[in-house]
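What follows is the residue order along each chain.
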Amino acid sequence: MKAVVRWVFAKPYRSLLLAIGFAPLLPVAAAILAAETAGRGVARGLVQAGIGVLGMAVLGFVSGGEPTVFASLGAICFGIGVALGALLRWAGALGLAFQATVALCFVGVGVVSLLGATGAWLGPLVDQIIEALRALGATEQQLEFVRSGGAMVLIWAAIFPQVVIALLLAYWCLAVMSGEPRFGKEFRRLELGRLLGVTASVIVTLSLVTEAALVQNLSSLALFSFLFQGLAVMHAWAHARRWHPAYIAPVYVLLATPTPLIVAAVLGLSAVGLIDNWFNLRAPLQAQP
């Protein structure tokens, strides 16, 4: 796999073609552009993003689809990639880039929620979600919950983890290309930090006692932020105790499988991340000789 990554990023056109091919998968396409931007500069990343959007439009025309839809998809994926690459280039480390990504997502979702622009941007998607739920036999009470803001929580909960996954993939690619085995070490140290951790904790607490749209929209981001910190804690203990990969593989199976157990997995890992932010569950590992 490492040899494949080095081959792909050896030539800019290879990574760009791969990004266009994987455009429907936001984490992969964004990660490719993020790695290119972080490695070759923001200007080069913007150029590649522009060419990629044009390529998506051409692909839509050739395939008989709607070029504007294809181009819009490319603009979203590649735009996020360039932004993440710029953050990585500025931060120089995974932990700081993760915190900056979380903070910017909090600000972005907060501004959109306060301005009431969510409906204008994502209204058509909400309508599609409602129709799909109606076809599946959802009750009017459930549909009303979606109309009143529940859909937005689900949408942000779906988008935010993909952005963070793209960041992690991009940093892994950069580590592979540099030949430095730093990704695992930095991922095991991942944390929100005191300020972001306190903010996320307050948001999660408020979401239990209020149905305000701003709080509910931010609560999904807060939970998934703690989830990634929880994963870092799990991997830190697994690495220190030399656990067999079979012990942690089921966790990722649960997170990737659309079953009711995914809720338990997300809440469980988020709880671990939240507790770690206050009590440092990795401290016993640091104290070892």
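What this report covers is the structure whose coordinates are included nearby. These numbers were taken from a predicted model, which means no experiment stands behind them.

**Side note on the overall build of the protein chain**
Argument step 1. Looking only at helices and strands, the protein chain features 14 helices and 0 strands.
Argument step 2. Tracing the protein chain from N to C terminus, the helices and strands come up as α-α-α-α-α-α-α-α-α-α-α-α-α-α.
Argument step 3. Among the 289 residues that make up the protein chain, the fraction classed as buried is 43%.
Argument step 4. Sequence separation of 24 or more characterises 69% of the internal contacts of the protein chain that already satisfy a separation of 6 or more.
Argument step 5. Taken as a whole, the protein chain presents about 15,200 Å² of accessible surface, with 71% of it coming from carbon and sulfur.

**Focus: the packing of helix 10 (residues 194-207) against helix 13 (residues 261-279)**
Argument step 1. The geometry of helix 10 relative to helix 13 is characterised by a closest axis approach of 10 Å and an angle of 130° between their N-to-C directions. In terms of their interaxial angle, helix 10 and helix 13 are classed as oblique. The two elements helix 10 and helix 13 cross, and the hand of that crossing is left-handed. For the pair helix 10 and helix 13, the contacting residues are Arg-194, Gly-197, Val-198 and Ser-201 in the first and Leu-274, Asn-277 and Trp-278 in the second.
Argument step 2. Of the residues contributing to the contact of helix 10 with helix 13, the split by class is 3 nonpolar, 3 polar and 1 charged.

**Notes on the nonpolar core**
Argument step 1. Counting 69 residues, the largest nonpolar core has Phe-78, Leu-88, Leu-94, Phe-98, Phe-106, Phe-228 and Leu-231 as the members making the most contacts within it.
Argument step 2. In terms of residue count, helix 8 (residues 140-178) provides more of this core than any other element does, 14 residues in total.
Argument step 3. Ignoring anything within four residues of it in the chain, the contact list for Leu-231 reads Phe-187, Val-251, Tyr-252, Leu-255 and Leu-269.

**With respect to the environment of Gly-110**
Argument step 1. One can find Gly-110 in helix 6 (residues 94-115).
Argument step 2. Each C-alpha atom, one on Gly-110 and one on Ala-213, is 9.6 Å from the other, the two residues being 103 residues apart in sequence.
Argument step 3. Non-local contacts of Gly-110, meaning those with residues more than four positions away in its chain, are made with Leu-214 and Leu-218.

**What to know about the pattern of salt bridges**
A side chain of one charge can pair with a side chain of the opposite charge when the charged atoms of the two come close.
Argument step 1. Under the criterion given, the structure shown has 3 salt bridges.
Argument step 2. For the salt bridge of Glu-36 with Arg-40, the shortest nitrogen-to-oxygen distance reads 2.3 Å. Of the two residues, Glu-36 and Arg-40 both sit in helix 3 (residues 26-40), 4 residues apart, roughly one turn of that helix.
Argument step 3. Judged by relative accessible area, Arg-40 falls into the partly exposed class, the value being 32%.
Argument step 4. Among the ionic pairs, Asp-276 bridges to Arg-282, the shortest N-O distance being 2.6 Å.
Argument step 5. The exposure class assigned to Asp-276 is buried, which follows from its relative accessible area of 3%.

**Examining helix 11 (residues 213-241)**
Argument step 1. With 29 residues, helix 11 should reach 42 Å at 1.5 Å per residue; the first-to-last C-alpha distance of 42 Å fits that figure.
Argument step 2. Burial within helix 11 is extensive, with 21 of its 29 residues counted as buried.

**Considering the environment of Thr-205**
Argument step 1. When you line up the elements, Thr-205 lands in helix 10.
Argument step 2. Along the sequence, Thr-205 and Val-215 sit 10 residues apart, while their C-alpha atoms lie 9.6 Å from each other.

**Here we look at unusual backbone geometry**
Negative phi characterises most residues that are not glycine, and trans characterises most peptide bonds.
Argument step 1. Here the phi dihedral of Arg-242 falls at roughly 55°; this positive angle occurs in a residue that is not glycine.
Argument step 2. Looking at where Arg-242 falls in the secondary structure, it is placed in the loop between helix 11 and helix 12 (245-256).
Argument step 3. Classification of Arg-242 by relative accessible area gives exposed; the value is 75%.
Argument step 4. One non-glycine residue, Asn-280, lies in positive phi territory at about 50°.
Argument step 5. Within the secondary structure layout, Asn-280 lies in the loop between helix 13 and helix 14 (283-286).
Argument step 6. Residue classification places Asn-280 among the partly exposed residues on the basis of a relative accessible area of 33%.

**Examining a nonpolar patch on the surface**
Argument step 1. Taken together, the side chains of Val-198, Val-202, Leu-206, Leu-208, Val-209, Ile-275, Trp-278 and Phe-279 define a hydrophobic patch exposed on the protein surface, amounting to about 810 Å² of accessible area.
Argument step 2. Within the fold, Phe-279 resides in helix 13.
Argument step 3. Relative accessible area serves as the criterion here: at 65%, Phe-279 is assigned to the exposed category.

**Some words on the side chain of Thr-37**
Argument step 1. Assignment of secondary structure puts Thr-37 in helix 3.
Argument step 2. Among residues more than four places away in sequence, those in contact with Thr-37 are Val-42, Gly-45, Gly-81, Val-82, Gly-85, Ala-86 and Arg-89.

**Here we look at the packing of aromatic side chains**
Argument step 1. For the coordinates displayed, the defined rule picks out 1 aromatic pair.
Argument step 2. Pairing Phe-183 with Phe-187 gives two aromatic rings, centres 5.9 Å apart and planes at 10°, and the pair type is stacked. With a gap of 4 residues between them, Phe-183 and Phe-187 both fall in helix 9 (residues 183-187), about one helical turn apart. The two residues Phe-183 and Phe-187 agree in class, both being buried.

Scoring rules and cut-offs
Residues numbered from 1 in each chain as written. Predicted model: local features only at pLDDT ≥ 70, side-chain atom pairs only at ≥ 80, totals over all residues. Heavy atoms only, no water. Helix = DSSP H or I, 4+ residues; strand = E, 2+ residues; numbered from the N terminus. Buried < 20%, exposed > 50% of the residue type's maximum accessible area, 1.4 Å probe, protein only. Contact = heavy atoms within 4.5 Å. Areas by Shrake-Rupley, 256 points an atom, 1.4 Å probe, with all protein chains shown as cover. Axes fitted to C-alpha atoms, helices over the stretch in contact; angles between N-to-C directions. Parallel < 35°, antiparallel > 145°, perpendicular 65-115°, else oblique. Left-handed = near helix turned anticlockwise from the far one by under 90°. Nonpolar A, V, L, I, M, F, W, Y, C, P; charged D, E, K, R; others polar. Core = buried A, V, L, I, M, F, W, Y, C linked by side-chain atoms within 4.5 Å. Salt bridge = Lys/Arg side-chain N within 4 Å of Asp/Glu carboxyl O. Expected span 1.5 Å × (residues − 1). Patch = residues over 30% accessible without salt bridge, like charges linked within 9 Å, V, L, I, M, F, W, Y side chains within 5 Å. Phe/Tyr/Trp six-rings, centres within 6.5 Å; stacked < 30°, edge-to-face > 60°.

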